[in-house]
Structure formats: structure tokens, C-alpha cells
Amino acid sequence: MPEETTPQQSNLTLDAKLEALLFFKGEPVKKKKLAELLDITGPELEQAILSLEQTLSGRGLRIIHKEDVLELRTAPEASALIETLIKEDLHRDLGKAGVETLAIIAYKAPVAKRDIDYIRGVNSSFILRNLMVRGLIERTSSRQDARSFVYSPTIDLLGHLGIERISDLPEYDNVQQEIKAFYENEKTSETTTEKVTD
Amino acid sequence: MPEETTPQQSNLTLDAKLEALLFFKGEPVKKKKLAELLDITGPELEQAILSLEQTLSGRGLRIIHKEDVLELRTAPEASALIETLIKEDLHRDLGKAGVETLAIIAYKAPVAKRDIDYIRGVNSSFILRNLMVRGLIERTSSRQDARSFVYSPTIDLLGHLGIERISDLPEYDNVQQEIKAFYENEKTSETTTEKVTD
Amino acid sequence: MSSGQFTIKQESFEGPLDLLLHLIEKRKLHISDVSLAKVADDYIAHINSTEKMPVAESAHFILIASTLTLIKSKSLLPMLDLTEEEQSDIDDLERRLKEYQRFKELSVGLANIFGKNPMFCSEKQVHIDPVFSPEENTTTTTLREAIGSVLASLPKPEKMAKTVVQKVISLEEMIDNLTNRVMSSLKMSFSEFSGKKNGKVLSKEEKVNVVVGFLAMLELVKEGIVSVTQQKEFDDIEIETKKVGIPQYE
């Protein structure tokens, strides 16, 4: 059994930690990086990988082990099931929330998730994911801040709408004004509502 | 190579298939949808969930379980490790109004705005909107009256709290007893109660 | 014990219950009618000294002040007979405070675990390459309609408050009013002052006026400006000036 590293993490074995890391990243990760993160040597990592592979045998997830990278994926036996799921997601009704989010992104692009959430008054994580899977919007790094992301309509979507650029959307300028007014208004009224300060 | 789908999938147990689905979706999934995809009944699904929860014990992943939805996430014991990888701020600060409102919603869910306002003695519109934007609570139509809304914690709130189900909250059972007793007490004097709402 | 000077400058309260609870806990009291009577003055002093209170909030604060006034007046004038509704307002306030206190306690526990050992979902939002799959009926027109409906449902800044607040009179105004009237006619009755008619059912607004008036009167009693007498139960309360030199108010 692997030794404990820090008391806080002591409940998890090395291979469980490895599993958590791979799950979180959701994409191929360099072994070198994994060893660093787990603060272990190469051979210790190999040992943990073996152990995780054993644990995962018969499970719904597998490790894809290619040269110097590792990735956690669904087991190949589940592929038919996943196919069904993908098809369903692609053809599901976008719903009112989906269309509204798409409209906000179209009219306000490039727009940060925070601003989308704020104008809708609810969190948009899942809707954004669905719109991305369907190729309607794309996520890029913000120009102002490389650590944050912004969303825009895809070229395919503009093509489907029959416009060349987003400013060709109906009443584009008016809508811009209205959106802008909301953000400014909110900023000023936020401080005066509902809080009583001495 | 895979001509037929069924024999191929039969290699995986139900709970392994469930695991694959949850992993692939990467967001909360309705139990109803899972049962459909797996072509099983509700009780069979509950059995599979239990079995998956057992399998995951001690591993790097956990299921968060909230009434009619499930989500696969990293284990709370792995949090320190994962946090080293997080680029964005976690926004841990909730503020006084935020925690109070969250506590009322977490222990009393589903709860109407009217009741939250009454307990806190102030209008909670602003803070409710704020918590919804952060994805910590969600608003749904009340079962008793489709025209009125009720608030509940989201799976993401449970994730932030590091608990797998709402009943893992500190003192949860005690509080449920207290609320029940309180409510019965309240009923007797209900007629004369003046509520402060907008 | 005198009410003493209390300083809660720079502290912000999430409404009247938050303030009230703070005052009770500050004096290390348990929630009861006795402790509420003790902190009534502190509470009133606080809302009096808070100048920048939004209208909507001040209505909530004054409604609670009215109940506190009942509690305090009952403790000062034990012969005062409370109506069933007034008694139930008092019981209700105690119960609400206890419930609020409990949730505050629970919120501390919640804040302690929030973000301590979070469970993360995958950072990778999408596991497959996107496949362009629009809905047939997604057009520029539907998008225009959708953004219109988003804009239409944006929260409007405070329109709620006015109805609650309309008839609520500020404490200061009431005190001034009372002082003036006491000065002009050395002796007057409380119902004359507040407009309360015996036996008549009061509207909510009128009721607030009555209690705010009463509160103001108690303030004057406390400061020794007027003295209050009630001949017998159910009788009107008489107010008269004690001192000759009334301090000048701005």
C-alpha cells in the first residue's frame, strides 16, 4: 500500500488520487506532470497506474496509456450506450433557456460566462456545454484575461442563420444599447438595495 | 469487430454502465434519463446506484446524489490535490446574507421566497438571484402550486460542501425534527400571523 | 439597568431581526419578552440613528419596532391591555427570532465546510468533437425574440417598496409632532394624539401610526419630558409635560 503524503489526503491511495486527477483533467495528461503533482517518482507512478488499471477492470472507465500520456475514458464496452447518449444530446430540443442563452451569446459576443449568468439570473454551465457539443457556440480565451473564457457563435451558426457577421442580426444596435443599460443600472442599484448599513 | 451491440455491452455490469454514462455526461443527469438509457426500472437503477457507490468507496471519484439527479465528481479527499490545478478563483466568500439564505434553503428545501423572507425579516430577492447566478441554488415550480416558485440546493452546492447527499449536512436529522415541531407549533397561531413581503 | 450607550457603528445588519438578535446576544440574553423589552430602546435608538435606510427596509424595521413598543409598553405599564392580535404579534416575534437564531447558527456550520474539501467536476467541458446540429427553427427572428424576452424579464429596480411604505411615518416626525402637541396643550390623550378610536378596527397603516406614536411617547417618558398616566384599565392614556423647559428641537 502506498505511503501517506499529507494528512489531509491520507485517506486516498495513490491510484485513487491518480484517478481523481485524470478525471478532473478529462484529457490526456503527461506522466511527468502526474508524477510531479503526486510528488512521486516515475517507477512509483508506474506502480500506481498498474494498480489503477486493475481497479478499473470490469468498470465503466479505462485508462488509455499512450507513450508518455495517460487519459481516463469510458470503457470500450460502453461505446454503444455512449453513442445513444450523444445522438440524444444532439437532437434534444434546445428549450427556451437554450435559445435565450444562444441569443445572448449571439448579440453580446464575445461574452464571458459570468455576464451570461448575470443577465439570465441563473447559472448557465450545462446549457453552454450543450450549445458547444452542438457546434452552435465556441469557447476561446479572453483577450483581456487569458485565464478566463469567452463565448461566441460559430461560423456554422452564422451560416445557418444566413448572416455574415453578428452585427447583421435584427436590431443589433438597439439591443446592444439595452444590454449595456442593464449592466450599468445593476451596478449602481446593487449597493443601495436590501442592505442596511449603519 | 462489433457487429452487434448487445453482447458487447453485456460484459459490463449495470453499475459499470452507469459509471460510464455519468463520466461521459460530466454534469448532473436525471435518474429518469439514466433508467431510460440503461433500459431498466427505477428500483433496478437504485440498486445499480448503491452498487456503484460501494465500488467507488475509497476511490478517487464519488457520486453526488440529490433526489432525482446524480453526478460523478472527484472525492473530497482529493480536493487539496485538485486545487493545485485550478486556475480560476473558487469564490469561497458567501457573505453573511449568502450563508444565512443558503442555510435556510439547504435545511428547509424546497422553500418559497416568502418563507425565506419571513425567517430573515428582509426581502431576499437580491441574494437569491445572486446565489442562483452562482449556481448554488435553483428555482423550480412548487408542487403544490405551479404558479409559485420554491428554492432548493443544487448538486454544485453539495459539491462545494464536499457532501454526497443533503442529509450529510451537519445536524441534518435534528434540524428536520425541529422544523417539523416548529411548523406544528406555528400552525396553531397561523391565523394571526403577519407576513412581511413585498 | 439603563439602556446605556451602545456603539454599533460600521456594522451592517441584514434586516430588523438581525439587528434585534445582535442586540440580545450582545447583552448575553435569551430570547424572551423580558429581554425584548430590555433591548427595545437600543433597537429604536439604532433605527433612529440610521439615516441612509432605504424606504423598503425602514418599513420592515418599523413594523418590528411597533411590536417591540408593545412589549416595552406592557413592561412599563402592566395595566395595559393587549389585544389578541397584539399578543400574537409578540409571540410571533419571539418565535421568529428563535428560528432565525437557529438558522444563523446552522449557517456558521455551513460556512465552515463550504469550499473546504470540494468535490470537483471535470474541467473539460466537452468530451467529443462538436457536431454542428442546429434546430431547424433557429433563425435570426427567433434569436431576436429570445433576446427580447431576456431583456423584458430583467429585474426592475425597487418598485416593490412603495405599497408597504406609503403610510409609515418616520419616527422623528412623530417625536416632533408629539412634542409640539404636548407643548401646546399641556394635557392630551394618547388616542387624540395617535388618532386611535376605541373599538374601531384599525388598518395596518393606522396601526403602524399608533405604535410609532406610542413609541415616540415612551421615548419622551424615558427622557423625562412627559409623564404618562392611565386612570384605569382600557382607559385612555394621558400625556402631560413634566418639565417646564422643553428642550428645543431643530
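Higher on the page you've got the structure.
Residues numbered from 1 in each chain as written. Chains lettered and ligands numbered in written order. Predicted model: local features only at pLDDT ≥ 70, side-chain atom pairs only at ≥ 80, totals over all residues. Heavy atoms only, no water.

J.: So what's going on with the interface of chain C and chain B? Which residues, and what values?
T.: With 41 residues of chain C at the contact, the number on the chain B side is 60 residues. Approximately 4,700 Å² of surface area, both sides summed, lies buried where chain C meets chain B, with 61% of it carried by carbon and sulfur atoms. When the buried surface of chain C facing chain B is broken down by residue, Phe114, Met119 and Phe120 of chain C rank first, second and third, together holding 20% of it. Linking chain C with chain B are 6 salt bridges, by the criterion used here. For Lys108 of chain B, the salt bridge goes to Glu99 of chain C, with nearest N and O atoms at 3.3 Å. Where chain C meets chain B, there are 14 residue pairs in polar contact (both at pLDDT 80 or more). (Contact = heavy atoms within 4.5 Å. Buried area = accessible area lost by both parts, 1.4 Å probe. Salt bridge = Lys/Arg side-chain N within 4 Å of Asp/Glu carboxyl O. Polar contact = N/O pair within 3.5 Å; in protein donor to acceptor, adjacent residues only side chain to side chain.)

J.: Can you break down the pairing of strand β2 (residues 61-66) of chain B residue by residue, with the values?
T.: All names here are of chain B. When you tally the buried positions in β2, you get 6 out of 6 residues, the bulk of the element. Here β2 shows no split at all, with Leu61, Ile63 and His65 on one side and Arg62, Ile64 and Lys66 on the other all buried. Relative to strand β3 (residues 69-74), β2 runs antiparallel, the two sharing 6 bridges. Within β3, the residue paired with Ile63 across the bridge is Leu72. Connecting β2 to the next strand, β3, in antiparallel fashion are 2 residues, including Glu67 with a positive phi near 40°. (Buried < 20%, exposed > 50% of the residue type's maximum accessible area, 1.4 Å probe, protein only. Helix = DSSP H or I, 4+ residues; strand = E, 2+ residues; numbered from the N terminus. Pairing = 2+ DSSP bridges.)

J.: Which residues make up the interface of chain A and chain B, and what are the values?
T.: Taken together, the contact between chain A and chain B spans 53 residues of the former and 51 residues of the latter. Taken together, both faces of the contact between chain A and chain B bury some 4,500 Å²; the carbon and sulfur share is 65%. The partner of Asp89 of chain A in a salt bridge is Lys25 of chain B, and the shortest N-O contact between them spans 2.9 Å. The tally of links from chain A across to chain B stands at 13 residue pairs in polar contact (both at pLDDT 80 or more). Broken down by element, the residue count for the side of chain A that touches chain B peaks at 9 residues, all from helix α4 (residues 79-91) of chain A.

J.: Describe in detail the nonpolar core, supporting the description with residues and values.
T.: Residues Leu18, Leu22 and Leu169 of chain A together with Leu18 and Leu22 of chain B are the most contacted members of the largest nonpolar core, which totals 96 residues. Top contributing element to this core by residue count: helix α1 (residues 14-25) of chain A, with 8 residues. In this structure Leu18 of chain A touches Leu34, Leu38, Leu45, Ala48, Ile49, Leu52 and Leu70 of chain A, once residues within four positions along its chain are discounted. (Core = buried A, V, L, I, M, F, W, Y, C linked by side-chain atoms within 4.5 Å.)

J.: Outline the side chain of Lys33 of chain B, listing residues and values.
T.: Relative to the helices and strands, Lys33 of chain B resides in helix α3 (residues 31-38). Residue classification places Lys33 of chain B among the buried residues on the basis of a relative accessible area of 18%. The residues touching Lys33 of chain B, leaving out its near neighbours within four places in the chain, are Leu85, Glu88 and Asp89 of chain A together with Lys25 of chain B.

J.: Explain unusual backbone geometry to me, and be specific about the residues and the numbers.
T.: With an omega of -10°, the peptide bond between Ala109 of chain A and Pro110 of chain A qualifies as cis. Along the polypeptide, Pro110 of chain A turns up in the loop between α5 (95-108) and β4 (111-112). Residue Glu67 of chain B is not a glycine yet carries a positive backbone phi of 40°. Relative to the helices and strands, Glu67 of chain B resides in the loop between β2 and β3. One non-glycine residue, Glu171 of chain B, lies in positive phi territory at about 60°. By the secondary structure assignment, Glu171 of chain B is in the loop between α9 (155-161) and α10 (172-188). For Glu171 of chain B, a relative accessible area of 41% translates into the label partly exposed.

J.: Tell me about the pairing of strand β6 (residues 149-153) of chain A, and name the residues and values.
T.: Residues and elements named next belong to chain A. Among the 5 residues in β6, 4 count as buried, and that is most of the element. Sheet topology places β4 next to β6; 2 bridges connect them, and they run antiparallel. Bridge pairing links Ala112 to Val150 in β6. Judged from the 5 bridges that link them, strand β5 (residues 137-141) and β6 form a sheet pairing that is antiparallel. When the bridges of β6 are listed, Glu138 appears paired with Ser152.

J.: So what's going on with the packing of helix α1 (residues 16-26) of chain C against helix α4 (residues 84-113) of chain C? Which residues, and what values?
T.: Residues and elements named next belong to chain C. Two elements in contact, α1 and α4, have axes separated by 10 Å at closest approach and are oriented at 85°. Between α1 and α4, the angle is such that the two are roughly perpendicular. Touching Leu17, Asp18, Leu20, Leu21, Ile24 and Glu25 of α1 are Leu93, Arg96, Leu97, Tyr100, Gln101 and Lys104, all from α4. Split into classes, the residues belonging to the contact of α1 with α4 amount to 7 nonpolar, 1 polar and 4 charged. (Axes fitted to C-alpha atoms, helices over the stretch in contact; angles between N-to-C directions. Parallel < 35°, antiparallel > 145°, perpendicular 65-115°, else oblique. Nonpolar A, V, L, I, M, F, W, Y, C, P; charged D, E, K, R; others polar.)

J.: Kindly report on the side chain of Arg129 of chain B, identifying the contributing residues and their values.
T.: Residue position: Arg129 of chain B is located in helix α8 (residues 125-133). With relative accessibility at 17%, the residue Arg129 of chain B sits in the buried group. Not counting residues within four places of it along the chain, the set of residues in contact with Arg129 of chain B comprises Tyr118, Ile119, Arg120, Gly121 and Phe182 of chain A together with Pro155 of chain C.

J.: Which residues make up the sheet that holds β5 of chain A, and what are the values?
T.: Strand order in the open sheet made by the 3 strands is β4-β6-β5 (chain A), with antiparallel pairing throughout. The strands lining the two open edges of the sheet, one partner per strand, are β4 and β5 of chain A.

J.: Describe the pattern of salt bridges, with residues and values.
T.: Enumeration over the complete set of coordinates arrives at 39 salt bridges over all chains. We note a salt bridge from Asp15 of chain B to Arg59 of chain A, for which the minimum N-O separation is 3.3 Å. Taken together, the residues span two chains, with Asp15 of chain B in helix α2 (residues 14-25) and Arg59 of chain A in the loop between α3 (42-56) and β2 (61-66). Exposure remark for Arg59 of chain A: the relative accessible area of 8% places this residue in the buried category. A salt bridge links Lys31 of chain B to Glu46 of chain B, with the shortest nitrogen-to-oxygen separation between them at 2.8 Å. Residue Lys31 of chain B is located in helix α3, and its partner Glu46 of chain B is located in helix α4 (residues 42-56); the two are separated by 15 residues in the primary sequence. We classify Lys31 of chain B as buried; its relative accessible area is 13%. A single salt-bridge network, built from bridges that share partners, covers Glu88, Asp89, Arg92 and Arg129 of chain A together with Lys25, Glu27 and Lys33 of chain B.

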